[in-house]
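These are the residues of each chain, in order.
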Amino acid sequence: MAQNQPKLSLPVRLLPDKEDPGLPPPKSARSCRLRSCFDYARCPLTSGFPVYVYDTGSYTWGNYIDPLVRQAFAAAVKSNIYVTDNPNIACLYLVLVGELQESSSTAVPSPSELEKQLKALPYWRSDGHNHVLVHLTRRSMTQNVLYNVSTGRAAVAQSTFLEQQYREGFDLVVSPLVHALSEPNFLEIPPQVPVKRKYLFTFQGERVESLKSSLQEVPPQSFEEEIEGNPPADYDDRIIGTLKAVQDSHLDQVLVEFTCKNPQPSLPTEWALCGEREDRMEVLKVSTFALVISPGDGQLVASAGCGMRLFEAMEVGTIPVVLGDHSTLPYHQFIRWSEAAIIVPKPRVTELHFLLRSLSDNDMLAMRRQGRFLWETYFSTSENVLNTLLASIRTSIQVPAAAIKEEPAHEIPHKAGKLAGTDANLADNGDLDLGPVETEPPYASPRFLRNFTYTAADTYRAWNHAPGPFHLFPHTPLDPVLPSEAKFLGSGTGFRPIGGGTGGSGKEFQAALGGNVPREQFTVVMLTYEREEVLMNSLERLNGLPYLNKVVVVWNSPKPPSDDLLWPDIGLPIVVVRTEKNSLNNRFLPWDAVETEAILSIDDDAHLRHDEIMFGFRVWREARDRIVGFPGRYHAWDINHQSWLYNSNYSCELSMVLTGAAFFHKYYAYLYSYVMPQPIRDMVDEYINCEDIAMNFLVSHITRKPPIKVTSRWTFRCPGCPQALSHDDSHFHERHKCINFFVKVYGYMPLLYTQFPRGLRAVQDPLTPRQDQVLQIHLERGCGELQRRAAG
């Protein structure tokens, strides 16, 4: 490995002069592509993708921008990790150009005035290369203020484009900014099951006058003329007739309305939205499919009205059906929309009913989940909208994402006592051999080995799959994340979705080696609260444990450790981390002190043998995207109360592995702390409970796989230890409430059942046929007995 990986220094970064004239001009503005209009010299692979954002107060038309859009954009910029205050080193320059508002005293600047003001920007450099003009709208009808403006080499990001204006592969179609400063309320979003709702499909809209007839005074062609071979001017008449026929047939319950009491302003040839947003959402909540009819004029390749319909449908779990394959959906270069929406050419409207009825429940649920993931990850908030915009550009120019955010570990000084003894019973590993054992020095997981050599295929797969293991989450979500196929994108410390802005290529490196790196260790993360004697005993039991890199003790008490406390010397670093408050969520913070991909989360009162821990680590190395641990639990449906229950009885079936003794990847700590919906962490703090259930929900939601339980031959809990939280009767009542609350937030039950535990015997001697037969008989009898006990 050393021979094939020579040490290379980073290239010296050469920054063009401020007045640099730039590249030779393209033949025409319409021919702009990244290769001809983007200056890659400003964005080396090692640059970190710095982005400079112009202050809206620094240019004249900034005063005309919708105040709410301006405020939301500023808040998103402030929290973005790529934004820099130094324009001289910037790779990209963002200019917010709209939504513009007219007032009684002022008018929106004319195209010539706007073009003149753009050229006056301090870093425009004659042609605007590496600039992105961002036009965000909160309405279904938006001005196309840049239509007659020469933008030079600057790219345009907006939700409405005409065909002669849009530059494929250079400009970006973005989503409307619906939730400008508000966070989505997950509890108001309807559940994703049952799959079929009251209406098979719905559509409410009013046709706006055709652009051809209103501006060019050309009469629309008749259906007879179309039959004779002439191209149709508009399919809307056929669509209206077909949809009304489906409604009148009463074969399925559908709702179609082609007139509105209060139509919203819309562009010519577009179908206007009906009524207020709240009324439209109530209809969508009872709709299985929602029709999105593309504008009648094919020159309007993207419109804010269609974007609004798409957004609202995905928000409430309604599957969008786009009529018109000429429409360009947001970020179509990166998002595989066919996994979340049905896109049908308008001539197939007569077959639409047949097509929708032919979909299976499994297909519909998969599309609904994918749509929810796309909405939540890329479109739901102003931060996500900006993150997605920057992620798409960064991915297009092949600059690696920044490393994931890590929590700084503020250490508490402590004194090491005498060398810890070794309990022969605990340290006896038997004949369990996991390969060469590294004890000294500790080895961190290999990181950043492929950050600058990832392939386009890896990036494309990551962008288009979720929630599948390691989707690019809102952050985590275009690589998201994070909610189909297992793809982590990230650095060795963890994988980060494009949407949020961090990542790397740790998964590709691991996949190339089959998940078995030549040298790998794990970190023990142990949460404790004012049980010093129990903690010291647990730490001492780790002495001599193979593959252990270090121990991170999360000190969850505001009261510091006793001054005279002597910590055991186990031959490895013990890092004691101070926390800001007493919270069980602290267990899953991605501490920077953790230098391995594998984390063994363990309670301070858990008893595990060394061979059991080593076996669990071996299983995790073969299933790195799963939770692998020891105590198994499962969820069950209470028919009488129509709710979910948490069950800790012995059973052959499980759906959760408690994180009081479990291995998981460090990336999940990042997702739990910074990507998972905040209401879940709030409930964990409120009940001081359920953090392990929340982690199981998260991992199952992303991977669509159950956890793996490895059998434990010893007692799990510490005998004689002080009272634990789980001994309280209210503990289980709270866990019932947690499961039902988490289901509301996710919109469905992500936990999956499994009957596939891994036993220690599996990695020791192979069984003879007779032994295998006897073992199967014992397993069947044992499971039957356990099930009878549980039923009793």
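Up top is the structure these notes are about.
Rules used in this analysis
- Residues numbered from 1 in each chain as written.
- Predicted model: local features only at pLDDT ≥ 70, side-chain atom pairs only at ≥ 80, totals over all residues.
- Heavy atoms only, no water.
- Core = buried A, V, L, I, M, F, W, Y, C linked by side-chain atoms within 4.5 Å.
- Buried < 20%, exposed > 50% of the residue type's maximum accessible area, 1.4 Å probe, protein only.
- Contact = heavy atoms within 4.5 Å.
- Helix = DSSP H or I, 4+ residues; strand = E, 2+ residues; numbered from the N terminus.
- Pairing = 2+ DSSP bridges.
- Salt bridge = Lys/Arg side-chain N within 4 Å of Asp/Glu carboxyl O.
- 1 Å grid on protein atoms, 1.4 Å probe; cavity = no way out; pocket = protein on both sides within 12 Å on 5 of 7 lines; lining within 4 Å.
- Points joined across faces, edges and corners; volume = space filled by probe spheres on them.
- Nonpolar A, V, L, I, M, F, W, Y, C, P; charged D, E, K, R; others polar.
- Disulfide = S-S within 2.5 Å.
- Axes fitted to C-alpha atoms, helices over the stretch in contact; angles between N-to-C directions.
- Phe/Tyr/Trp six-rings, centres within 6.5 Å; stacked < 30°, edge-to-face > 60°.

J.: In this structure, what is going on with the nonpolar core? I would like to understand it.
T.: Nonpolar side chains in soluble globular proteins tend to be buried together. One finds Phe-49, Leu-94 and Phe-742 to be the most contacted residues of the largest nonpolar core, which totals 138 residues. Excluding residues that lie within four positions of it along the chain, Leu-94 makes contacts with Val-51, Tyr-52, Val-53, Tyr-54, Phe-73, Val-132, Val-134, Leu-386 and Leu-390. Grouped together as the second largest cluster of nonpolar side chains are 38 residues, Val-524, Leu-542, Met-614 and Phe-617 included.

J.: Explain the pairing of strand β27 (residues 661-665) here, please?
T.: Within β27, five of the five residues are buried, which leaves it mostly tucked inside the rest of the structure. The side-chain alternation of β27 yields two buried faces, one formed by Ala-661, Phe-663 and His-665 and the other by Ala-662 and Phe-664. For strand β23 (residues 628-629) and β27, the ladder comprises two bridges, and the chain directions are antiparallel. Note on β27: the bridge partner recorded for Val-628 is Phe-663.

J.: Sorry, what's going on with the pattern of salt bridges here?
T.: Where charged atoms from two side chains of opposite charge come close, those side chains can pair. In total, this model carries 30 salt bridges according to the counting rule given. With a closest N to O distance of 3.8 Å, Asp-361 and Lys-196 form a salt bridge. Separated by 165 residues along the polypeptide, Asp-361 in helix α10 (residues 361-379) and Lys-196 in the loop between β6 (172-173) and β7 (199-204) bring together distant segments of the chain. Here Arg-531 makes a salt bridge to Asp-604, at a shortest N to O gap of 2.6 Å. Here Arg-531, found in the loop between β18 (522-528) and α15 (532-540), pairs with Asp-604, found in the loop between β22 (598-603) and α16 (610-622); they are 73 residues apart in sequence, far enough to count as distant. Summarising the burial analysis for this pair, Arg-531 and Asp-604 share the class buried. One continuous salt-bridge network, built from bridges that share partners, spans Arg-277, Arg-280, Glu-312 and Glu-315.

J.: What should I look at first to understand the pairing of strand β25 (residues 643-647) in this one?
T.: The two faces of the sheet receive side chains in turn, since in a regular strand these alternate between them. With four of its five residues buried, β25 lies for the most part within the structure. Summarising the sheet, strand β24 (residues 632-638) and β25 pair through five bridges and their orientation is antiparallel. By the bridge assignment for β25, Trp-637 is matched with Trp-644.

J.: Would you take a moment to explain empty space enclosed by the protein for this structure?
T.: One water molecule sets the probe size; rolling that probe over the atoms shows where empty space is left. Of the voids in this model, the largest cavity is the one considered here, and its volume is about 160 Å³. If you trace the largest cavity, you find 18 residues lining it, with Leu-34, Ala-155, Phe-170, Leu-172 and Ile-393 closest to the centre. Mapped onto the lining of the largest cavity, the elements with two or more residues apiece are α1 (34-37), β3 (131-135) and α11 (382-396). Residue contributions to the lining of the largest cavity peak at three residues, all from α11. Of the residues that constitute the lining of the largest cavity, the class distribution is 10 nonpolar, six polar and two charged.

J.: What am I meant to see in the state of the cysteines here?
T.: Per the counting criterion, the structure on display carries four disulfides. Linked covalently through their sulfurs, Cys-43 and Cys-91 form a disulfide whose S-S length is 1.7 Å. With the S-S bond torsion at 95°, the cross-link from Cys-43 to Cys-91 turns out right-handed. Linking Cys-43 in the loop between α1 and β1 (51-53) with Cys-91 in the loop between α2 (67-79) and β2 (92-98), this pair joins segments that are 48 residues apart in sequence. Comparing Cys-43 with Cys-91 shows no difference in burial state: the two are buried.

J.: Help me out: how do you make sense of the sheet that holds β24 in this one?
T.: To summarise the sheet geometry, strands pair through backbone hydrogen bonds and adopt either a parallel or an antiparallel arrangement. Taken in spatial order, the three strands line up as β25-β24-β26 in an open sheet, and their pairing is antiparallel. Both outer strands of the open sheet, β25 and β26 (656-657), are each paired with one neighbouring strand and no more. The pairing of β24 with β26 spans two bridges and is classified as antiparallel. Note that in β26 the partner of Gly-632 across the bridge is Val-657. In the packing of helix α20 (residues 730-746) onto the sheet, contacts are made with β24, β25 and β26, and the angle to β25 comes to roughly 135°.

J.: I'm lost on unusual backbone geometry in this one. Help?
T.: Glycine aside, negative phi is the norm for most residues, and most peptide bonds take the trans geometry. Omega for the bond connecting Gly-98 with Glu-99 falls within 30 degrees of zero, at 25°, which places this linkage in the cis form. Checked against the element boundaries, Glu-99 lands in the loop between β2 and α3 (111-119). Note that the residue after Val-193, namely Pro-194, is joined by a cis bond; omega there is 0°. Residue placement: Pro-194 occurs in the loop between β6 and β7. A positive phi angle is found at Arg-704, which is not glycine, with a value near 55°. For Arg-704, the location among the structural elements is in the loop between α19 (691-703) and β28 (708-709). On the basis of relative accessible area, Arg-704 is assigned to the partly exposed category, the value being 27%.

J.: Is there a simple way to explain the sheet that holds β7 in this structure?
T.: Overall, parallel pairing links the five strands, which are arranged β9-β7-β11-β13-β14 in an open sheet. The open sheet has two free edges, formed respectively by β9 (255-257) and β14 (342-344), since each of these has just one partner strand. Geometrically, the sheet is characterised by an average inter-axis angle of 20° between neighbouring strands, direction not taken into account. Here β7 pairs with β9 via three bridges, running parallel. Each bridged residue has a counterpart across the sheet, and for Thr-202 the counterpart in β9 is Leu-255.

J.: Explain the packing of aromatic side chains here, please?
T.: Geometrically, a pair of aromatic rings is defined through the distance of the ring centres and the angle of the planes. As enumerated under the stated definition, the model contains 33 aromatic pairs in all. For the pair Tyr-52 and Tyr-123, a centre-to-centre distance of 5.7 Å together with 75° between the ring planes defines the contact as edge-to-face. Here Tyr-52 is found in strand β1, whereas its partner Tyr-123 is found in the loop between α3 and β3, with 71 residues between them in sequence. For the pair Tyr-52 and Tyr-123, a shared accessibility class is recorded, and that class is buried. Note on Phe-697 and Phe-742: the rings are 5.5 Å apart at their centroids and 75° apart in plane angle, and the pair reads as edge-to-face. You can see Phe-697 sitting in helix α19 and its partner Phe-742 sitting in helix α20, a full 45 residues away along the chain. Overall, Phe-697 belongs to the buried group, its relative accessible area being 0%. An aromatic cluster is present here, built from Tyr-331, Trp-337, Phe-373, Tyr-378 and Phe-379 joined pairwise through their rings.

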